[in-house]
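# Chain and residue survey
Each chain, written out:
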Amino acid sequence: PFLGQQFALAQIGPARAVAPSLTEILNDVWQMAVPKRKTTPSKKRMRSTHKHMKRITHFYTCKRCGSLKLRHHLCNECVRKAMSRAKKLAD
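Residues numbered from 1 in each chain as written. Predicted model: local features only at pLDDT ≥ 70, side-chain atom pairs only at ≥ 80, totals over all residues. Heavy atoms only, no water.

## Structural notes on the overall build of the protein chain
- Secondary structure assignment for the protein chain yields four helices and two strands.
- Listing each helix as α and each strand as β along the protein chain from the N terminus yields α-α-α-β-β-α.
- Here the protein chain holds 91 residues, and the buried ones make up 8% of them.
- Taken as a whole, the protein chain presents about 9300 Å² of accessible surface, with 60% of it coming from carbon and sulfur. (Helix = DSSP H or I, 4+ residues; strand = E, 2+ residues; numbered from the N terminus. Buried < 20%, exposed > 50% of the residue type's maximum accessible area, 1.4 Å probe, protein only. Areas by Shrake-Rupley, 256 points an atom, 1.4 Å probe, with all protein chains shown as cover.)

## A look at unusual backbone geometry
- Positive phi, close to 65°, is recorded for H72, a residue that is not glycine.
- Here H72 is to be found in the loop between strand 2 (68–70) and helix 4 (76–90).
- The exposure class assigned to H72 is exposed, which follows from its relative accessible area of 74%.

## Observations concerning helix 4
- The first and last C-alpha atoms of helix 4 sit 21 Å apart over 15 residues, in line with the 21 Å expected at 1.5 Å per residue.
- Within helix 4, only one of the 15 residues are buried, leaving the element largely exposed. (Expected span 1.5 Å × (residues − 1).)

## Here's the deal with a positive patch on the surface
- A cluster of basic side chains, namely K38, K44, R47 and K51, defines a positive patch on the protein surface.
- One can find R47 in helix 3 (residues 41–47).
- Of the residues examined, R47 reaches a relative accessible area of 56% and is grouped as exposed. (Patch = residues over 30% accessible without salt bridge, like charges linked within 9 Å, V, L, I, M, F, W, Y side chains within 5 Å. Salt bridge = Lys/Arg side-chain N within 4 Å of Asp/Glu carboxyl O. Lys, Arg positive; Asp, Glu negative; His and termini not counted. Charge placed at Lys NZ, Arg CZ, Asp CG, Glu CD.)

Here it is as structure tokens:
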């Protein structure tokens, strides 16, 4: 016998020599929640509508160089200039 039958026999008790029925085995199995219906593709899409990329419309101009940047972010041009200056100083 395979391990499942041995385990079921051990749970029922040693006095019973007959193999347990399918319903007895299934009653001992831990059951999990299962969805009642299949989720349709439209329901999946409706659930994930907020996951798309948003368009950035709030650009600001940098006060130092005048290039576009996001608010509360460093300007890319100023960062590049600072990195090149730091690299020159390190050499």
